[in-house]
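# Inside the fold
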Amino acid sequence: NVTATIYYDGVVTRPETDPSKTGYTFAGWFIGETAYDFDTLVTGNVTLTAKWTINTYTVTFNANGGSAVESATVDYNTAVTEPSAPTKTGYTFAGWFIGTEEYDFDTLVTEDIELTAKWDINGYVVTFNSNGGSAVESIGANYDTTISEPSVPTKSGYTFGGWYKESACENAWVFASDVVTGNTTLYAKWNVVTYTITYNAGGGEITANTNTNTYTVEDDDIELVAPTASKTGYTFAGWDIEVIDTARAENITVTATWTANEFTATFDSNGGSAVESETIYYDGVVTRPETDPSKTGYTFAGWYIGET
């Protein structure tokens, strides 16, 4: 308090310097609720009281790339209410910070401040559905990042056709440019392989080609009809693989089997002693009987066909 002496019918001289009060702005000298007029003539003791207006401060919320948050105005030495958390695609809100320190909303505000949102990038899982092929392990990836292509899976009877974004395998995943934005499943595409059946006639000739010389592992109900074959002096005995398993993912050679035709060599002793017949296979030779026939009064001169 400051006291000044004023004479009757004098005036109070306004102090050269206004008083100060932390957190407040001086609003003038008052008597009661009335601002004092320093031109008023004094006729008795007077008490002038300082009037103060509380300062207000702005708390600015920097969402740091997230959804906007409105600034707040707070009175001196009061706490600001924590706003609803902002959102940011691909990130999780981690709090409001001043510099490297997380802000305590119980702190009393004494000046303008700016609070900055901190964000933790989201991590996601990329799952590889190999669609019946060999297993491929899942990998982790941060939001908005590319991933490395995993090892190529295998599947018997198929060639790998790449990774796709949907089970229908319509849109390929481009590992150089496509980015992860959430938990993701990629699907393997497979191209069926066609296998060839080669018919080896085994020295004979194919006599009928049914044009059924290819198959795939998807031909579960296909009926493969083998061709027929012929060979001079032989009877066709079938193919060494009679039923082809279309689940076999390989090219197959099927070979004809043959049974040599049998012939009979008959020995006409022409009135001599009997000689047993002999069985000979095609392209074989007749074995000369161990014992020549005999005929009384004759000497055996050999075996002949006709007069030869």
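Right above here is the structure, for reference.
What you see is a predicted model, and the numbers here were worked out from it, not measured in a lab.

### Side note on the overall build of the chain
- When helices and strands are tallied, the chain shows zero helices and 24 strands.
- In terms of overall size, the chain is more extended than a compact globule, its C-alpha atoms giving a radius of gyration of 55 Å where 308 residues would be expected to give roughly 19 Å.
- The principal-axis extent of the C-alpha atoms belonging to the chain is close to 200 × 30 × 25 Å.
- The burial tally for the chain puts 28% of its 308 residues in the buried class.
- Counting contacts in the chain only where the partners sit at least 6 residues apart, residues at least 24 apart contribute 50% of the total.
- Surface accessibility of the chain: about 20,400 Å² in total, with carbon and sulfur atoms responsible for 45%.
- In the chain, 12 side chains carry a positive charge and 41 a negative one; their mean positions are 3 Å apart.

### Remarks on the nonpolar core
- In this structure, I147 and L186 are the most contacted members of the largest nonpolar core, which totals 27 residues.
- When near neighbours in sequence (up to four residues on either side) are disregarded, I147 contacts V126, F128, I139, A141, W173, F175, V180 and L186.
- By size, the runner-up hydrophobic cluster in this structure holds 15 residues, among which are V74, Y103, F105 and I113.

### Describing the sheet that holds strand 22 (residues 252–260)
- Within the open sheet, the four strands sit side by side as 19-17-22-21. Their pairing is mixed. A strand with exactly one partner marks an edge of an open sheet, and here the two such strands are strand 19 (214–216) and strand 21 (234–239). Each adjacent strand pair in this sheet contributes to an overall mean axis angle of 30 degrees, direction not counted.
- Direction of pairing for strand 17 (residues 194–200) relative to strand 22: parallel, over a ladder of four bridges. The residue of strand 22 that forms the bridge with N200 is T255.

### As for the side chain of N122
- Take N122: it is sitting in the loop between strand 12 (113–121) and strand 13 (123–129).
- Of note is the side chain of N122, whose polar atom sits 3.1 Å from the side chain of Y124.
- For N122, the residues in contact, after removing those within four places along its chain, are G90, Y91, T92, A141, N142 and Y143.

Rules of the game
Counting restarts for each chain, with residues numbered from 1 along the sequence as it is written. Selection of residues for local features in this predicted model requires a pLDDT of at least 70, selection of side-chain atom pairs for listing and counting requires 80 or more, and totals for whole chains, interfaces and linings are taken over all residues. With hydrogens and water set aside, each side-chain value is computed from the structure's full complement of heavy atoms. We count a stretch as a helix when DSSP gives it H or I for four or more residues in a row; a strand needs E for two or more, and each element gets its number in order from the N terminus. Each radius of gyration reported is based on C-alpha atoms, and the globular scaling rule is 2.2 Å times the count of residues to the power 0.38. The classification of residues rests on relative accessible area computed with a 1.4 Å probe and restricted to protein chains. Under 20% of the type maximum is buried, over 50% is exposed, and intermediate values are partly exposed. Contact definition: two residues touch when any of their heavy atoms are within 4.5 Å. We get accessible surface area from the Shrake-Rupley algorithm with a probe of 1.4 Å; when it comes to residues, only the shown protein chains can shield them. When charges are counted, neither His nor the chain ends are considered; positive counts come from Lys and Arg and negative counts from Asp and Glu. For the purpose of locating charges, the reference atoms are NZ of Lys, CZ of Arg, CG of Asp and CD of Glu. Think of a nonpolar core as a cluster: buried Ala, Val, Leu, Ile, Met, Phe, Trp, Tyr and Cys residues, connected wherever their side-chain atoms sit within 4.5 Å. In this scheme, strands are said to pair when DSSP sees at least two bridges between them. Every axis corresponds to a line fitted to the C-alpha atoms, with the helix fit spanning only the stretch in contact, and the corresponding angles, defined between N-to-C directions, vary from 0 to 180 degrees. Think of a polar contact as two N or O atoms within 3.5 Å of one another; within protein, one of them needs to be a possible hydrogen donor and the other a possible acceptor, and neighboring residues in sequence only count if both atoms come from side chains.

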